[in-house]
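Summary of the model geometry
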Amino acid sequence: MTLLPWKRAARESGPQTSVFEDLALPLLPSLYNVAFWLSRNPTDAEDLVQETFLKALRGFTTFEPGSNFRAWIFRILRNTYLTSRTGLAATRTVALEDELDDHRNESGTALYPEGAIDRETPERNLIRLSDRAALHAAMEKLPPPLLEVILLCDVEEMKYREIATVLEIPIGTVMSRIARARTALRGELQVNVTPREFRA
Amino acid sequence: MTDHLSPSMLNGLADGELSAAQLAVANEHLAACPACTSNALYQSLLKSATAKAGQRYTPPPQLQERLTRLASSGLEAPGSGTGHRYPQQWRFAWGWVAAAVLLLVSASTMMVQRTARKAEISSAEHAALVTEVFDQHVATLAGSLPPEVVSTDRHTVKPWFQGKLPFSFNLPEGLPRDTALDGANLTYLHNQPVAQLLYSIGKHRVSVFLLEKPGATRADQLPAEHAGFHVMDFSTDELEGVAVSDVDPARLAELVSAIRQAQTGR
């Protein structure tokens, strides 16, 4: 039986909508968390996630079944963020520095201060890492390109290849950004821990 | 042994990204190098601590509700034929619109009998306006299309109308309990461009139309009700507003009051 075009569309869209719902809604907490970290305020985060859902829903027909939906929708979120007001401002602020650092660190040198960890005791390291407020402050100081890579790697537990797909950068750049982000976090945590906390 | 593990090796170790061969080399080195063992341990602890600290924000229930509704509504790209997916809903909606038109025509007829000629014209205009407003709201609900500007932020929604409307308006900073701005559309009433502001009060959708005030003033304010839909209007020196929804009239009145106060500052 040949269906009229609109009847065919109606038949196809039902299951497709259900599939989208099943795939996208469980990712809402992760998408909102990343959106909030990047945009740094709840209103922008809500708008970012809502726009991501709309774009994903509109473009769902182009999504290949069986491929990585999480990477696909996170890439939409990231691209939406980049074209948002906060994303554009952040990109303008850090782009040049980011590019320069990428080149400097490709050799893999100067990523860690010489002997920075060796001078610290395991107890001190643990105290710093258990200080949630200090970690939040350190993460907030990361520039967006480093923050997003840490969020995807550590919080979302994505593999390097998946992160490269989301951010549309080579795996080598993913690795160098992760290294720089952790160096920056480590440096911030060493600076921010107060003597009071050591005495505690 | 002089060469320590490189940063990429240490990160790869913490992230589980090393190949079997790389892992064997790293393990062999760690067995003999306390400095790298300390570094590797710290990297793992840092990753774990960052993972926990990074899970910081949870989506508000109203966003979850809205996106669940959006995902289940089956929105698809414009032009994909989904406009034809709700023939029964449209028939249902148009039935109510027809009923509303009849009701409003009756109301207008009564007004004509009781008031002077000027008031008669004004009331007819009002009735026509309410009909159009009702029509627009039902079309918005039945169409399941997203607003032209999707935002909960009044500082995004208001500027979006720049250059689209021959007037400006204010959006309230504080909204009544359980009320949220969903976005807005540019639409037309009486062939004039107007702002259609879309709000949610709980699970009820509300359309608030803001239009430039015409030269003649209306006789009075008429809260109208048609088949469960409430229509409320208000006016300021510059603007007229009409709100339509099936929400409880008292809660609709709260939103209308907030929007009116945003225009007058009182």
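Everything numeric in this text was worked out from a predicted model, so none of it was measured. (Residues numbered from 1 in each chain as written. Chains lettered and ligands numbered in written order. Predicted model: local features only at pLDDT ≥ 70, side-chain atom pairs only at ≥ 80, totals over all residues. Heavy atoms only, no water.)

Re the overall build of chain B
Stated precisely, the cut-off is as follows: Under the scheme used here, helices are H or I runs from DSSP no shorter than 4 residues and strands are E runs no shorter than 2 residues, and both carry numbers assigned from the N terminus. Three exposure classes are used, based on accessible area relative to the maximum for each residue type with a 1.4 Å probe and protein chains only: buried under 20%, partly exposed in between, and exposed over 50%. Any two residues whose heavy atoms approach within 4.5 Å at even a single point are treated as in contact. The Shrake-Rupley method, run with a 1.4 Å probe, gives the accessible areas here. Residue values count only the displayed protein chains as cover.
For chain B, the helix and strand inventory stands at eight helices and seven strands. Looking at the 266 residues of chain B, the share that counts as buried comes to 46%. Pairs at least 24 apart in sequence give 61% of the contacts found in chain B among residues at least 6 apart. Entry remark: accessible area of chain B is about 13100 Å², with carbon and sulfur atoms responsible for 55%.

Some details on the overall build of chain A
Along chain A, the regular secondary structure elements total eleven helices and zero strands. For chain A, the N- to C-terminal ordering of α and β elements is α-α-α-α-α-α-α-α-α-α-α. The contacts in chain A between residues at least 6 apart in sequence include a share of 69% that link residues at least 24 apart. A total of about 9800 Å² of accessible surface is found on chain A, and carbon and sulfur atoms cover 57% of it.

What about the confidence of the model for chain B?
Residues and elements named next belong to chain B. Just so we agree on the cut-off: Scored between 0 and 100, pLDDT is the confidence that the predictor attaches to each residue.
In the predicted model, chain B carries a mean pLDDT of 79, and the fraction of residues at 70 or more is 76%. Scored below 50 in pLDDT, residues 76-89 makes 18 contacts in the model with residues more than four places away or belonging to other chains. Interface scoring of the predicted complex returns ipTM 0.77; its pTM is 0.53.

Observations regarding the pairing of strand β6 (residues 229-235) of chain B
All names here are of chain B. Quick reminder of the rule: Each pair of strands is called paired provided DSSP finds at least two bridges between the two strands.
Counting buried residues along β6, six of its seven residues qualify, which places the element largely inside the surrounding structure. Sheet analysis places β6 next to strand β7 (residues 239-245), joined by six bridges and oriented antiparallel. Of the residues in β7, the one forming a bridge with V231 is V244. Hairpin connection from β6 to β7: three residues lie between these consecutive antiparallel strands.

A closer look at the nonpolar core
A general trend in soluble globular proteins is that nonpolar side chains are found buried together. Test applied: Among the buried residues, those of types Ala, Val, Leu, Ile, Met, Phe, Trp, Tyr and Cys that are joined through side-chain atoms within 4.5 Å form a nonpolar core.
F20, F53, F69, I73 and F74 of chain A are the most contacted members of the largest nonpolar core, which has 63 residues in total. Contacts of F69 of chain A, omitting those with residues within four sequence positions, involve F20, L23, A24, L27, F60 and F63 of chain A. Membership of the second largest hydrophobic core comes to 25 residues, among which are L197, L210, L252 and L255 of chain B.

Here we look at the pairing of strand β2 (residues 179-189) of chain B
Residues and elements named next belong to chain B. β2 sits mainly inside the fold: nine of its eleven residues count as buried. The pairing of strand β1 (residues 149-150) with β2 spans two bridges and is classified as antiparallel. Within the sheet, the bridge partner assigned to V150 lies in β2 and is G183. Note that β2 and strand β3 (residues 192-201) share ten bridges and pair antiparallel. When the sheet's bridge partners are listed, N185 is paired in β3 with Q196. Counting the residues between successive antiparallel strands, the hairpin from β2 to β3 contains two residues, one of them, H190, with a positive phi of roughly 50°.

Quick word on the packing of helix α8 (residues 144-155) of chain A against helix α3 (residues 34-54) of chain B
What describes two packed helices is the angle between their axes and the distance between those same axes. Spelled out, the test is: All axes are obtained by fitting lines to C-alpha atoms, using only the stretch in contact for helices, and the reported angles, taken between N-to-C directions, cover 0 to 180 degrees. For classification, angles of less than 35 degrees are called roughly parallel, those exceeding 145 degrees roughly antiparallel, those between 65 and 115 degrees roughly perpendicular, and all remaining angles oblique. Note that Gly is not counted as nonpolar here; it falls among the polar residues with everything else outside the nonpolar set of Ala, Val, Leu, Ile, Met, Phe, Trp, Tyr, Cys and Pro and the charged set of Asp, Glu, Lys and Arg.
The geometry of α8 of chain A relative to α3 of chain B is characterised by a closest axis approach of 9 Å and an angle of 100° between their N-to-C directions. With respect to α3 of chain B, the axis of α8 of chain A lies roughly perpendicular. Counted together, I150, C153, D154 and V155 of chain A of α8 of chain A and K47, T50, A51 and G54 of chain B of α3 of chain B form the full contact between these two elements. By residue class, the composition of the contact of α8 of chain A with α3 of chain B is four nonpolar, two polar and two charged.

Looking at the side chain of D47 of chain A
Rules: Think of it this way: Lys and Arg go in the positive column, Asp and Glu in the negative one, and His and the chain ends go nowhere. By definition here, a salt bridge exists when the distance from a side-chain nitrogen of Lys or Arg to a carboxyl oxygen of Asp or Glu is within 4 Å. N or O atoms within 3.5 Å of each other form a polar contact, as long as, within protein, one can give a hydrogen and the other can take it, and as long as residues adjacent in sequence are counted only when both atoms are side-chain atoms.
With respect to the element layout, D47 of chain A can be found in helix α3 (residues 42-58). Although D47 of chain A lies buried, it forms no salt bridge, and the closest oppositely charged side chain, R66 of chain B, sits 5.8 Å away as judged by the N-O distance. Of note is the side chain of D47 of chain A, whose polar atom sits 3.1 Å from the backbone nitrogen of T152 of chain B. Beyond its immediate sequence surroundings of up to four residues, D47 of chain A is in contact with V150, S151, T152, D153 and T156 of chain B.

Side note on the environment of L57 of chain A
Within the element layout of this structure, L57 of chain A appears in helix α3. As for L57 of chain A and A24 of chain A, which are separated by 33 residues in sequence, their C-alpha atoms are 9.2 Å apart.

Observations concerning helix α1 (residues 7-15) of chain B
Most of α1 of chain B sits out of view: seven of its nine residues are buried. Phi for G16 of chain B, located one or two positions after α1 of chain B, is positive at around 65°.

Description of unusual backbone geometry
In most cases, non-glycine residues show a negative phi, while peptide bonds are predominantly trans. Unusually for a residue other than glycine, R40 of chain A sits at a positive phi of about 70°. Mapped onto the fold, R40 of chain A is located in the loop between α2 (28-39) and α3. By relative accessible area, which is 40% here, R40 of chain A ends up partly exposed. Its identity as a non-glycine residue notwithstanding, D178 of chain B has a phi of 65°, on the positive side. Inspection of the secondary structure assignment puts D178 of chain B in the loop between α7 (154-160) and β2.

Quick look at the pattern of salt bridges
As enumerated under the stated definition, the model contains 14 salt bridges over all chains in all. The salt bridge involving R182 of chain A is made with D15 of chain B; its shortest N-O contact spans 2.7 Å. Remark: D15 of chain B occurs in helix α1 and R182 of chain A occurs in helix α10 (residues 171-192); the pair is interchain, linking two chains. This pair shows no difference in class: R182 of chain A is buried, exactly as D15 of chain B is. In this structure, D178 of chain B and R251 of chain B form a salt bridge, with 4.0 Å as the shortest nitrogen-oxygen distance. Of this pair, D178 of chain B sits in the loop between α7 and β2 while R251 of chain B sits in helix α8 (residues 249-264); the two residues are 73 residues apart in sequence, bridging distant segments of the chain. Each of D154 and R182 of chain A together with D15 and K47 of chain B takes part in salt bridges that share partners, so that together they form one network.

What about the side chain of T187 of chain B?
Residue and element names in this part refer to chain B. Note on placement: T187 falls in strand β2. Residue class for T187 comes out buried when judged on its relative accessible area of 8%. Residues in contact with T187, not counting those within four places in the same chain, are Q136, Q192, P193, V194, Q196 and F209.

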